[in-house]
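# Fold and geometry: a report
Here is how the chains run, residue by residue.
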Amino acid sequence: MSPHFLPTRKRSMTGLGVVFRPQLPPERLRAVARVADDVGLEELWLWEDCFREGGIATAAAALAWTERVRVGVGLLPVPLRNVALTAMEAASLHRMFPGRATLVVGHGVQDWMSQVGARAASPLTLLGEHLDALRALLSGERLTVRGRYVSLDDVALDWPPERAVPVLAGATGPRSLRLSGARADGTLLTSSTSVDGVRQARQLIGEGAKEAGRGEPHQLVVYLLAAAGADAEARLRAELAAEGLEPASGVGVAGDAVAVAAAVRRLAEAGADTVVLQPTGDEPDPEGFVRFAAEEVRPLVV
């Protein structure tokens, strides 16, 4: 193994999840979450996209409506929230639903941050300070810090999580990937990441971790844009076009369970610990897509 690569988590098989897209109204979440729980899907992921649905509210509801499925929020834009509030909400979820919540923070889409008057002059500095404070607060530490963006005076959680919980960062470019390796417990990559992009991300994360003197496993979660059904190819092409990507970019997959599972395995071989299937925004049957992932794709992924 290259010294620039961090080891992935030891597991018997690649983790598999599905995104509940916020293009769906929030009242649809209950049915999708319950199907995910019933069919044995491992992970259901939610987005906090401006200006659709809040990540913590939807995560709490999905966790309360289910018994076993893990729920991820990818991601919470840090310019929108004070780190003490992020820590309070995260700790509450982890104590009420131990082992079932995964939270990802990121610097957010800068145009959206400008719309709400929260754009930071240095998004990476803000993200780094937020990560450091959030991880410390969730570990039960009492903090007094005076950063460029994060300022805390003798702050500690009354109800921190009862066990260590990971904090992930959303990252895309080289600087944010190195930052995640140095200061987060895991990284979330968008669905525009190719197989080669996953390999490069794993290397950059490893470089950041090495510079920070960290050697623990680093969880890598990757979204995979996926479409199934009779019009899968057309829906995938339309979604890629909307994102400014070419069909030949090596991003996304359309087809049956065999094709989707093969794409999942390629990402896993490149370094992904968990692959989360991201349906197209116009997916006609979200509950059916969850069943497809759990019952047809999952058995083909090792």
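Let me sum up the structure you'll find in this document. All of these numbers come straight from a predicted model, not from anything done at the bench.

### Quick look at the pairing of strand E3 (residues 70-77)
Most of E3 is tucked away: six of the eight residues are buried. Here strand E2 (residues 43-46) runs beside E3; their pairing, made up of four bridges, is parallel. Following the sheet pairing, tryptophan 45 is matched in E3 by glycine 72. In the classification by handedness, the crossover that spans E2, the intervening helix H2 (residues 55-65) and the parallel E3 is right-handed. Pairing of E3 with strand E4 (residues 101-106) involves six bridges; the strand directions are parallel. Counterpart to proline 77 in the pairing with E4 is glycine 106. Following the chain from E3 across helix H3 (residues 83-96) to the adjacent parallel E4, one finds a crossover that is right-handed.

### Examining helix H1 (residues 29-39)
Along H1, the positions that sit buried rather than exposed are Leu29, Val32, Ala33, Val35, Ala36, Asp37 and Val39. Backbone geometry just after H1 places glycine 40 at a positive phi near 85 degrees.

### Structural notes on the pattern of salt bridges
Two side chains carrying opposite charge are able to pair once their charged atoms lie near each other. Counted according to the given criterion, the structure contains 19 salt bridges. The residue aspartate 49 makes a salt bridge to arginine 52 at a minimum N-O spacing of 3.8 Å. On the basis of relative accessibility, which here comes to 45%, the residue arginine 52 falls in the partly exposed class. Ionic pairing is found between arginine 81 and glutamate 89, a salt bridge with its closest N-O pair at 2.9 Å. Judged by relative accessible area, which is 23%, glutamate 89 ranks as partly exposed. Each of the salt bridges in this network shares a partner with another, and the network as a whole consists of Arg135, Asp185, Arg214 and Glu216.

### Let's talk about the packing of aromatic side chains
The final tally for this structure, using the stated rule, is three aromatic pairs. Ring geometry for tryptophan 45 and tyrosine 223: centres 6.2 Å apart, planes at 85 degrees, overall edge-to-face. Taken as a pair, tryptophan 45 in strand E2 and tyrosine 223 in strand E9 (residues 219-227) lie far apart in primary sequence, 178 residues in all. Since its relative accessible area comes to 0%, tryptophan 45 is described here as buried.

### Some points on the pairing of E2
Of the two faces of E2, the one carrying Glu43 and Trp45 and the one carrying Leu44 and Leu46 are both buried. Chirality of the crossover, the property in question, places the unit of strand E1 (residues 15-20), H1 and E2 among those that are right-handed.

### What to know about the packing of H1 against H2
A pair of packed helices can be characterised by two numbers: the angle between their axes and the separation between those axes. Between H1 and H2, the least distance of the axes is 9 Å, while the angle of their chain directions is 50 degrees. In terms of their interaxial angle, H1 and H2 are classed as oblique. Crossing angle aside, the handedness with which H1 passes H2 is right-handed. Contacts between H1 and H2 pair Leu29, Arg30, Ala33 and Arg34 from the former with Thr58, Ala62 and Trp65 from the latter.

### Some details on helix H7 (residues 195-211)
Along its 17 residues, H7 runs 25 Å from first to last C-alpha, staying within 8% of the 24 Å computed at 1.5 Å per residue. When we look at burial in H7, the residues that qualify are Gly197, Val198, Ala201, Arg202, Leu204, Ile205, Gly206, Glu207, Gly208 and Ala209. Each element contacted by the buried residues of H7 is listed here: helix H6 (174-183), strand E8 (186-189), E9 and helix H9 (257-270). The positive-phi residue at the C-terminal boundary of H7 is glycine 213, with phi of around 75 degrees.

The rules behind the values
- Residues numbered from 1 in each chain as written.
- Predicted model: local features only at pLDDT ≥ 70, side-chain atom pairs only at ≥ 80, totals over all residues.
- Heavy atoms only, no water.
- Buried < 20%, exposed > 50% of the residue type's maximum accessible area, 1.4 Å probe, protein only.
- Helix = DSSP H or I, 4+ residues; strand = E, 2+ residues; numbered from the N terminus.
- Pairing = 2+ DSSP bridges.
- Right-handed = clockwise from strand over helix to strand, strands pointing away.
- Salt bridge = Lys/Arg side-chain N within 4 Å of Asp/Glu carboxyl O.
- Phe/Tyr/Trp six-rings, centres within 6.5 Å; stacked < 30°, edge-to-face > 60°.
- Axes fitted to C-alpha atoms, helices over the stretch in contact; angles between N-to-C directions.
- Parallel < 35°, antiparallel > 145°, perpendicular 65-115°, else oblique.
- Left-handed = near helix turned anticlockwise from the far one by under 90°.
- Contact = heavy atoms within 4.5 Å.
- Expected span 1.5 Å × (residues − 1).

Taken by themselves, the reported measurements are silent on function.
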